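An overview of the molecular structure
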Amino acid sequence: MNGTPWVAMEQHLVHRNDERSVLLEAYRQPDGHDVEFTLKRPVGGPFSMDDDAADPLLVAEYLRQTTIAYGHVAWGVPVGWAFIMGRMELRSDRSLPRGALTAAVRAVDPKLSGRALRTVTSDVSFFADGAEFARGRGALKVVSKAVYSRLRRDGLNTMPVRATRPTSASALSLDVVRGAENEWDIRFDERDPFFFDHHVDHVPGMLLFDAVRRASVLAAGAPRSELRAFDGTFTRFAELHEPLRVRVKRTDIVKGRPRRHYEAEVCGQDGAAILVAQAEVE
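Rules behind the numbers
Residues numbered from 1 in each chain as written. Predicted model: local features only at pLDDT ≥ 70, side-chain atom pairs only at ≥ 80, totals over all residues. Heavy atoms only, no water. Phe/Tyr/Trp six-rings, centres within 6.5 Å; stacked < 30°, edge-to-face > 60°. Buried < 20%, exposed > 50% of the residue type's maximum accessible area, 1.4 Å probe, protein only. Salt bridge = Lys/Arg side-chain N within 4 Å of Asp/Glu carboxyl O. Helix = DSSP H or I, 4+ residues; strand = E, 2+ residues; numbered from the N terminus. Core = buried A, V, L, I, M, F, W, Y, C linked by side-chain atoms within 4.5 Å. Contact = heavy atoms within 4.5 Å. 1 Å grid on protein atoms, 1.4 Å probe; cavity = no way out; pocket = protein on both sides within 12 Å on 5 of 7 lines; lining within 4 Å. Points joined across faces, edges and corners; volume = space filled by probe spheres on them. Nonpolar A, V, L, I, M, F, W, Y, C, P; charged D, E, K, R; others polar.

1. Some thoughts on the packing of aromatic side chains
- Taken as a whole and judged by the stated rule, the model has seven aromatic pairs.
- Ring centres 4.9 Å apart and planes at 70° place the aromatic pair Phe194 and Phe195 in the edge-to-face group. For the pair formed by Phe194 and Phe195, the shared burial category is buried.
- On the basis of an interplanar angle of 85° and a centroid distance of 4.9 Å, the ring pair of Phe209 and Phe230 is categorised as edge-to-face.

2. With respect to the pattern of salt bridges
- Within the structure shown, the criterion is met by 26 salt bridges.
- Across the pair Arg191 and Asp189 runs a salt bridge whose closest N-O atoms are separated by 2.8 Å.
- A salt bridge links Glu226 to Arg213; its shortest N-O distance comes to 3.1 Å. Here the residue Glu226 occupies a position in the loop between α3 (205–220) and β10 (227–234), and Arg213 occupies one in helix α3, the gap between them amounting to 13 residues.

3. Some remarks on the nonpolar core
- Membership of the largest hydrophobic core comes to 76 residues, with the highest contact counts inside it found for Met9, Phe37, Phe126, Ile186, Leu207, Leu208 and Phe230.
- Element by element, the count of residues in this core is highest for helix α1 (residues 56–75), at twelve residues.
- If we ignore the near neighbours within four places in the chain, the residues touching Phe230 are Met88, Glu89, Leu90, Phe209, Val212, Leu275, Ala277 and Gln278.

4. Focus: the layout of surface pockets
- Its boundaries defined by the atoms lining it, the largest pocket holds a volume of some 1,100 Å³.
- Phe83, Ile84, His198, Val200 and His202 are the residues nearest the centre of the largest pocket, which is lined by 38 residues in total.
- Looking at the lining of the largest pocket, the elements with two or more residues in it are α1, β4 (82–92), α2 (145–152) and α3.
- When residues in the lining of the largest pocket are grouped by element, the largest group, six residues, is from β4.
- When its residues are assigned to classes, the lining of the largest pocket shows 20 nonpolar, eleven polar and seven charged.

Here's what the structure looks like:
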């Protein structure tokens, strides 16, 4: 067992205001830029814990939090700088095993300007009592507050205001687009404590991920089916007040296969894709 001491996780290192939504318990840095984390099982929130199933939204949030904390811990990114995730990949088992949850993170292709991190891809393995149950990657770009403000200046002033509230009790809902196959309008509630835990000036990527997850499962139409793999690229920010639509298309047409493969995209008011993804449902 590595003798490096564990350090308690602080909520600002995962960009969460509510301490109850912090899913990382502690971290240690055993070697170089490698970092290990201990994880918490969630209490409440939007996650499904039915029959110990591995909720893909939970796995994605584990990936988001470990990737952000990794940037701060391993590379010394200052608190307050922005992390822009351009690509997210994950694959998980059907079940979340009992036992102690941990994660191990290593860097892929880090790029620095002087001693400051500019881009890196986190490669993360998730374990329950040492057995891997999920794996993911997050491609990050790191920018200062000033640079982020310049990046966002145009987008914040161009989009019209619209009603974003969902049509159901859920914080996120998909409304069927009439006359279209496997297309849904995305509606959400900006008061939701999970997706909008802290102030943001755009639609969180986790919300767009969950929209793709839900749309893929709806398209599959199989009882108890769930997303098991995702590989998505974000092309731009989704503005809070622009209409958003998700559409999916099945690419695996062989009958009888337990897993169904889909191409998915989330589009904004200009019709161009904001998120392009490959999704696998079982």
